[in-house]
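One-letter residues, chain by chain:
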Amino acid sequence: MRRIALVALVVDDYDEAIRFYTEALGFTLAEDESRPDGSRWVVVEPGSGGPGSAAPGGGLLLARAKNDAQRARVGDQTGGRVGFFLHTDDFARDHARMRAAGVRFLEEPRHEPYGSVAVFEDLYGNRWDLLQPATG
């Protein structure tokens, strides 16, 4: 079996990114290790019972930008389109919790044939779908 284990997300600051993903989105801090070059290996994963609890799989490697080219990509890793998809088993619960935590949604929830969805931005402006897939 093969699966994508991690996706790197370029961030400005490790600690502010950790706070956003753990507090606002309900992720779990899975790893935070210092490296010899002064960087850190920081991995966050969707936490059980919160957003993404119905979506097994990989996590995000929060990678601090090291140069101008990387800093230019922070918040625009996918050219302004939705590039990340956070599945949930309870859309209403997670949407309400995320809004209360200050997450900026760009639209009202929609109910499509494939499920309930709303686009939101992370702290840097990357676009995400919060999605509860349709059953059956």
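Here goes a summary of the coordinates provided. Counting of residues starts from 1 at the beginning of each chain's written sequence and follows it residue by residue. Selection of residues for local features in this predicted model requires a pLDDT of at least 70, selection of side-chain atom pairs for listing and counting requires 80 or more, and totals for whole chains, interfaces and linings are taken over all residues. Only hydrogens and water are removed before side-chain values are computed, so all heavy atoms of the structure are retained for them.

## Re the pairing of strand S3 (residues 40-46)
Here, a strand pair is defined by DSSP locating no fewer than two bridges between the strands. We count a stretch as a helix when DSSP gives it H or I for four or more residues in a row; a strand needs E for two or more, and each element gets its number in order from the N terminus. The pairing of strand S2 (residues 27-34) with S3 spans seven bridges and is classified as antiparallel. Considered in S3, the bridge of Thr28 is made with Glu45. Here S2 folds back onto S3, and the loop between the two strands holds five residues, one of which, Gly38, carries a positive phi near 95°. As paired strands, S3 and strand S4 (residues 59-64) are joined by three bridges and run antiparallel to one another. Across the sheet, Val43 pairs through a bridge with Leu61, a residue of S4.

## Section: the packing of aromatic side chains
Under the pairing criterion, centres of Phe, Tyr and Trp rings, with the six-membered ring standing for Trp, must be within 6.5 Å; the plane angle then separates stacked pairs below 30 degrees from edge-to-face pairs above 60, leaving the rest tilted. Within this structure, the stated rule accounts for seven aromatic pairs. Geometrically, the ring pair formed by Tyr21 and Trp128 is tilted, given 6.1 Å between the ring centres and 45° between the ring planes. In this pair, Tyr21 is assigned in helix H1 (residues 14-24) and Trp128 in strand S9 (residues 127-133), connecting sequence segments 107 residues apart. Working definition: with a 1.4 Å probe on protein chains only, accessible area under 20% of the residue-type maximum means buried, over 50% means exposed, and in between means partly exposed. The exposure class of Trp128 is buried, given its relative accessible area of 3%. Aromatic pair Phe120 and Trp128: ring centres 5.8 Å apart, planes at 20°, arrangement stacked.

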